[in-house]
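Commentary on secondary and tertiary structure
The lines below spell out each chain.
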Amino acid sequence: MSTRGLILGGGGVTGVAWITGLLFGLHEQRVDLLRAQRIIGTSAGSTVAAQMTSGMALSELFERQVDPSKQSREINPEPQQLQALATTLLPLMNLEDGAERIKRSAGIALAAKTIDEAARRTVIEARLPDHRWSDYPLGIVAVDVASGETKLFDRHSGVSLVDAVAASCAVPGLWPCVTINGRRYMDGGIRSPDNADLAPDCTVLLVVSPMGHAGNTALAGQLAALRQRGVLVQVIEPDSTSRNAIGQNPFDLQKRAPVARAGRQQALALGQSTAAFWG
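For the structure given in this document, a descriptive report is provided here. (Residues numbered from 1 in each chain as written. Predicted model: local features only at pLDDT ≥ 70, side-chain atom pairs only at ≥ 80, totals over all residues. Heavy atoms only, no water.)

**Thoughts on the pairing of strand E3 (residues 138-144)**
Here E3 lies mainly inside the structure; seven of its seven residues are buried. Where strand E2 (residues 38-42) meets E3, four bridges bridge the pair, whose relative direction is parallel. Residue pairing in the sheet places Ile39 in a bridge with Leu138 of E3. Relative to strand E4 (residues 150-153), E3 runs antiparallel, the two sharing four bridges. If you follow Val141 over to E4, its bridge partner there is Leu152. (Buried < 20%, exposed > 50% of the residue type's maximum accessible area, 1.4 Å probe, protein only. Helix = DSSP H or I, 4+ residues; strand = E, 2+ residues; numbered from the N terminus. Pairing = 2+ DSSP bridges.)

**What about unusual backbone geometry?**
Backbone geometry at Asn181 places phi at a positive 50°, although glycine is not the residue there. Secondary-structure assignment places Asn181 in the loop between strand E5 (178-180) and strand E6 (183-187). Here Asn195, not a glycine, exhibits a phi torsion of approximately 60°, which is positive. With respect to the helices and strands, the residue Asn195 is situated in the loop between E6 and strand E7 (204-208).

**Remarks on the pattern of salt bridges**
What the rule picks out here adds up to ten salt bridges. Between Arg127 and Glu74 there is a salt bridge whose closest N-O contact spans 2.8 Å. Of the two residues, Arg127 is situated in helix H6 (residues 117-127) and Glu74 in the loop between helix H3 (58-66) and helix H4 (79-92); the sequence distance between them amounts to 53 residues. Across this residue pair, the class does not change: Arg127 and Glu74 are buried. The partner of Arg191 in a salt bridge is Asp197, with the nearest N and O atoms 2.9 Å apart. The exposure class assigned to Arg191 is partly exposed, which follows from its relative accessible area of 21%. A network of salt bridges, in which partner residues are shared, links Arg121, Glu125 and Asp163. (Salt bridge = Lys/Arg side-chain N within 4 Å of Asp/Glu carboxyl O.)

**Digging into the packing of H3 against helix H10 (residues 256-278)**
Angle between the axes and distance between the axes are the two parameters that describe a pair of packed helices. Packing of H3 against H10 brings their axes to within 7 Å, and their N-to-C directions diverge by 140°. Taken together, H3 and H10 sit at an angle that is classed as oblique. Judged by residue contacts, Phe62, Gln65 and Val66 of H3 engage Arg256, Ala257, Ala260, Arg261 and Arg264 from H10. Looking at the contact of H3 with H10 residue by residue, the class counts come to four nonpolar, one polar and three charged. (Axes fitted to C-alpha atoms, helices over the stretch in contact; angles between N-to-C directions. Parallel < 35°, antiparallel > 145°, perpendicular 65-115°, else oblique. Contact = heavy atoms within 4.5 Å. Nonpolar A, V, L, I, M, F, W, Y, C, P; charged D, E, K, R; others polar.)

**Focus: the environment of Gly247**
With respect to the secondary-structure elements, Gly247 resides in the loop between helix H9 (240-246) and H10. In sequence terms Gly247 and Thr14 are 233 residues apart; their C-alpha atoms lie 9.1 Å from each other.

**A closer look at H4**
End to end, H4 covers 20 Å across 14 residues, agreeing with the expected 20 Å (1.5 Å per residue, within 8%). Residue Leu85 marks the point of greatest curvature in H4, where the axis turns by about 40°. Taken as a whole, H4 has its buried residues at Gln81, Leu85, Leu89 and Leu92. Of the surrounding secondary structure, the elements contacted by the buried residues of H4 are helix H5 (98-111). (Expected span 1.5 Å × (residues − 1). Bend = angle between axes of the 7 residues up to and from the residue.)

**Thoughts on H5**
For H5, built from 14 residues, the straight-helix expectation of 20 Å at 1.5 Å per residue is met to within 8% by its first-to-last C-alpha distance of 20 Å. Here H5 has its buried residues at Arg101, Ile102, Ser105, Ala106 and Ala109. All buried residues of H5 project into a common sector of 130° when viewed along the axis, lining one side. Structural note: H5 exposes Ala99, Lys103 and Ala111 on the side pointing more than 90 degrees away from its buried face. For H5, the elements touching its buried residues are H4, E3 and E6. The N-capping residue of H5, defined by a side-chain oxygen 3.2 Å from the backbone nitrogen of Ala99, is Asp97. (Arc of directions from axis to C-beta. Polar contact = N/O pair within 3.5 Å; in protein donor to acceptor, adjacent residues only side chain to side chain.)

See below:
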């Protein structure tokens with residue numbers, strides 16, 4: 001018997017938009033991804049995972065991306081923050097030594113001057129239709145800043161859903177670390193943009209990766225290890241139209257609508273093959 005897993009990766013606010021559009025487009029073609037026995041969200045993917053398991057219809061989640069009157073209020077990063085991100089954090093993502101990457105990223109996270117935690121938490125609250133964990137098998141990935149350990153939050157962790165998503169989305173240098181039970185956490189994407197290897201019990205795995213293979217050295221290794229174990233894996237990453245819509249800045253709030261529409265359109269070409277894969 002197959003055990004299905006759904007992996008939703010990181011990619012900023014445009015990542016949220018693209019994943020939402022893609023999932024809605026697949027839903028329109030009768031691909032029921034909520035049948036997954038394991039759903040793991042990282043960073044942007046944690047937002048969408050929490051949204052799609054909230055009970056709100058994917059059609060409404062899509063409208064919340066494309067209709068300006070329904071879009072959640074976000075905070076625009078300062079230009080100097082984005083510049084610093086490009087020169088400090090992004091080069092670290094190419095480090096194959098995961099422990100060293102996490103250590104250096106933690107230093108950036110702790111040294112950065114950002115908005116306070118409360119202000120950032122308000123943003124995450126506005127994103128989520130329901131602040132309670134659902135009964136779906138949802139896991140949200142974050143990284144402990146002090147220890148470097150990976151934390152997979154779920155409904156049994158005794159942690160609020162808002163805090164878990166905020167932690168998973170805490171990009172070092174851009175947003176503040178999130179304090180949970182006296183520990184500080186940063187973006188789960190520092191470990192890996194997708195964390196596809198955190199569903200070891202799954203035999204069928206659909207990976208929705210806004211970053212895709214480009215600049216994502218961890219993904220290829222994780223996929224190879226999964227396939228070697230006999231796991232059936234399908235990866236969906238942005239096609240050329242979606243990549244053009246996303247552009248160079250994954251935090252550009254003006255891109256949400258066109259990127260969501262591009263994701264939905266991309267799903268039209270994938271519906272049949274994904275339905276056959278998902279079963």
